[in-house]
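# Structural features, examined
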Amino acid sequence: MPDPAVLEAVDVSMRFTVRGGLGRTATVRALEHVSLRLHRGRTVALVGESGSGKTTLARLFALMYQPTSGEIRLRGEPVGVRRGSTARAYYSEVQMVLQDPFASLNPMHTVRHNLRRALRLHHFDGDLEERMHELLRRVSLTPTQDFIGKLPHELSGGQRQRVSIARALAVAPKVLLGDEPISMLDVSMRLDLLNLLASLRDEEGLALLYITHDIASARYLAEEICVMYAGQLVEGGPAEQVIQNPQHPYTKLLLEASPDPARTVSAAGQSSFLPIADAGEPPSLIDPPGGCRFHPRCPVAKAECRTAFPARTSAADGHWTNCWLYTSESEAS
Ligand SMILES: Nc1ncnc2c1ncn2[C@@H]1O[C@H](COP(=O)(O)OP(=O)(O)OP(=O)(O)O)[C@@H](O)[C@H]1O
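So, a few notes on the structure that sits alongside this text.

The rules behind these values
- Residues numbered from 1 in each chain as written.
- Predicted model: local features only at pLDDT ≥ 70, side-chain atom pairs only at ≥ 80, totals over all residues.
- Heavy atoms only, no water.
- Helix = DSSP H or I, 4+ residues; strand = E, 2+ residues; numbered from the N terminus.
- Polar contact = N/O pair within 3.5 Å; in protein donor to acceptor, adjacent residues only side chain to side chain.
- Contact = heavy atoms within 4.5 Å.

The subject of this paragraph is the environment of Asn 106. Inspection of the secondary structure assignment puts Asn 106 in the loop between strand S6 (94-97) and helix H3 (111-121). When the C-alpha positions of Asn 106 and Pro 152 are compared, they lie 7.8 Å apart, and in sequence the two are 46 residues distant. Here the side chain of Asn 106 touches Met 108 through a polar contact of 2.9 Å, landing on its backbone nitrogen.

Shown next, in the form of structure tokens:
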């Protein structure tokens, strides 16, 4: 049994109101009843096609939005959008690493300035210079004096991402939310970055959320994989189980469309899924299909798939799915 969750989403749904043509508004139903737990020293990979809601879930964990329903809980306590010192207290525990390191670094300032700012923001009261060198050592940017005075654009993509990880580590967080943190890097640097994330998880006991399109890297890094389709979580469990013995027809299609999950990191571009042959596109989340949102693309859809989302069925090893193939109508959620 793992420890209790450090951070969890409990039955969260997220709707966005967007402006359409002619002044009309529409609702994007981005997440539906999603629950996911992050544990100390463990990685959960969240995989799914573009637009499935992965970033929205990470942003809910980062308290950038208030969920439409459901809760985010830190060590069991519900948390909402915060400001000022209570926001700072939250972000000293939960940090995000983005796809593009430029987004979290000030490009006009040196690595030293960027790290110092993060430390000051969180009222670090030790030796600033010493701590900055320690952070750079932690992300293997050594000798540290070669990097501390550089501007972000003077670094390689991989080095820049290491600095943004060092910046996140400045506050000694308990949770790192990685939103496709390696997808913009050269293939040659991806494995090193994954190994860095793994060592932070193992040595500092970080709880890691790893959002990716790349099943191969999810398998390499994560103990647990969760699969999201059009705002609904459809399958999850121990990484090897999900990959070797996928249950949900969407997971099966996703694996068929992945270049080769046995490789450590895919050499493909940002999106590692090949087009899913003859199976159409993910739906619009404005007025999405009812029931299981995958049913219009599902080769084995049944009548009940159109009307209700199935309850979760779980195996003893923690592998679960929400699919009518494995449940009966009386168990609809
Ligand atoms: N602030 C917002 N306002 C309106 N709609 C939004 C907003 N943020 C996300 N969405 C919509 O919510 C849905 C989920 O988007 P999200 O970015 O979470 O998906 P994703 O799985 O992270 O995609 P990608 O892999 O391309 O990053 C999409 O339909 C997107 O257009």
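Once you've had a look at it, read on.
This paragraph deals with the side chain of Thr 56. Among the secondary structure elements, Thr 56 is positioned in helix H1 (residues 54-61). Apart from the residues lying within four places of it in its own chain, the contact partners of Thr 56 are Met 14, Phe 16, Ala 30 and Leu 31.

Moving on, we get to unusual backbone geometry. The omega angle of the peptide bond from Thr 142 to Pro 143 is -5 degrees, so this bond is cis rather than trans. Looking at the element boundaries, Pro 143 is found in the loop between helix H4 (128-138) and helix H5 (157-169). Positive phi is not limited to glycine here, since Leu 63 has a value of about 60 degrees. Here Leu 63 is to be found in the loop between H1 and strand S4 (69-74). Unlike most non-glycine residues, Arg 75 shows phi in positive territory, near 45 degrees.

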